[in-house]
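What follows is each chain in one-letter form.
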Amino acid sequence: MPRRERRAQLLESALEVFVAQGYHSAAMDDIAEKAGVSKPVLYQHFPGKLELYLALLEQSCDTMIAKVREALESTQDNRDRVERTVHAFYDYVASESGAYRLVFESDLTNEPAVREQVDRVTNECSEAIAAVIAADTNLPEPAALLLAVSLVGMAQVSSRFWLDSQRRMNQEEAATFVGGLAWRGIRGYPKTDEH
């Protein structure tokens, strides 16, 4: 198998193991077995469990950030932007892969390299949203960033709550409901010279 394909296979297998067991309980033996390879093959691609976890975490973080950027760039209508951004979080946590658990529920956030990746999701998503808010409201950058972080927090926490509560509302309805709440709040910041 070509190196790139083997790496993708190993990451996919590692994701399943880390999501099911968490970082501390997962073993390289489990990952190698899941991938159908020997441990030496696994170590040819990743020198250790932490490096494998970090590669997977970076990939998962990149996916979430890309989803938010795509939502923001998909329309010029701000109400749609807000709703699509909230939907991006719900889509991410509802994914069958469970990758969101690495980003939002990691049992390794005391590790600086992991904390950096996890924080990167909040920071980069918030910065992208803040740029839109600042451009459309004339709010100063610190205020726009604070609102953006609040929107990210709302979307992330509510989507995880929705998932953990056995999806008592369907995903579309829940995301639209929260998107409506976010829009009602953010639309109160019109473009004026007073802000």
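Here the structure is a predicted model, which is why all the values come from computation and not from measurement.

(A) Quick peek at the overall build of the chain. Across its full length, the chain holds nine helices and zero strands. What you see in the chain, going N to C, is helices and strands ordered as α-α-α-α-α-α-α-α-α. Considered along the principal axes of its C-alpha atoms, the chain spans approximately 65 × 35 × 30 Å. The 195 residues of the chain split such that 44% are buried. Across the chain, the fraction of contacts at a sequence separation of at least 24, relative to all contacts at a separation of at least 6, is 67%.

(B) The pattern of salt bridges, seen in detail. Throughout the structure, instances matching the rule amount to nine salt bridges. For the salt bridge of Glu105 with Arg101, the shortest nitrogen-to-oxygen distance reads 2.7 Å. With relative accessibility at 28%, the residue Glu105 sits in the partly exposed group. The exposure class of Arg101 is partly exposed, given its relative accessible area of 31%. Two residues, Glu124 and Arg120, come together in a salt bridge whose shortest N-O distance is 3.6 Å. A residue pair is termed a helical-turn pair when its members lie 3 or 4 positions apart in one helix, as Glu124 and Arg120 do in helix H7 (residues 112-137) at four residues. If you follow the salt bridges from partner to partner, you end up with Asp62, Arg69, Arg120 and Glu124 in one network.

(C) Broad picture of the domain arrangement of the chain. When cut into domains, the chain gives domain 1 (1-47) and domain 2 (54-188). Measuring from the centre of the C-alpha atoms in domain 1 to the corresponding centre in domain 2 gives 28 Å. With ten residues of domain 1 in contact, the opposing surface of domain 2 contributes ten residues. Both sides together, the interface formed by domain 1 and domain 2 hides about 830 Å², and carbon and sulfur atoms give 76% of it.

(D) Molecular detail of helix H9 (residues 171-186). With 16 residues, H9 ought to run about 22 Å at 1.5 Å a step, and its terminal C-alpha atoms sit 22 Å apart, in line with that. Of the positions making up H9, those classed as buried are Ala174, Ala175, Val178, Gly179, Gly180, Ala182, Trp183 and Ile186. On the buried face of H9, the contacting elements are helix H5 (78-94), H7 and helix H8 (141-164). Its side-chain oxygen 3.1 Å from the backbone nitrogen of Glu172, Asn170 forms the N-cap of H9.

(E) Seen up close, the UniProt feature "DNA-binding region" (unreviewed entry) in the chain. Within this structure's numbering, the places UniProt gives as "DNA-binding region" (unreviewed entry) are residues 27-46. Helix makes up 75% of residues 27-46 and strand makes up 0%, while its end C-alpha atoms are separated by 13 Å.

The rules behind the values
- Residues numbered from 1 in each chain as written.
- Predicted model: local features only at pLDDT ≥ 70, side-chain atom pairs only at ≥ 80, totals over all residues.
- Heavy atoms only, no water.
- Helix = DSSP H or I, 4+ residues; strand = E, 2+ residues; numbered from the N terminus.
- Buried < 20%, exposed > 50% of the residue type's maximum accessible area, 1.4 Å probe, protein only.
- Contact = heavy atoms within 4.5 Å.
- Salt bridge = Lys/Arg side-chain N within 4 Å of Asp/Glu carboxyl O.
- Domains from an automatic or database assignment.
- Buried area = accessible area lost by both parts, 1.4 Å probe.
- Expected span 1.5 Å × (residues − 1).
- Polar contact = N/O pair within 3.5 Å; in protein donor to acceptor, adjacent residues only side chain to side chain.
- UniProt positions renumbered as here; feature names shortened; annotations may be inferred.

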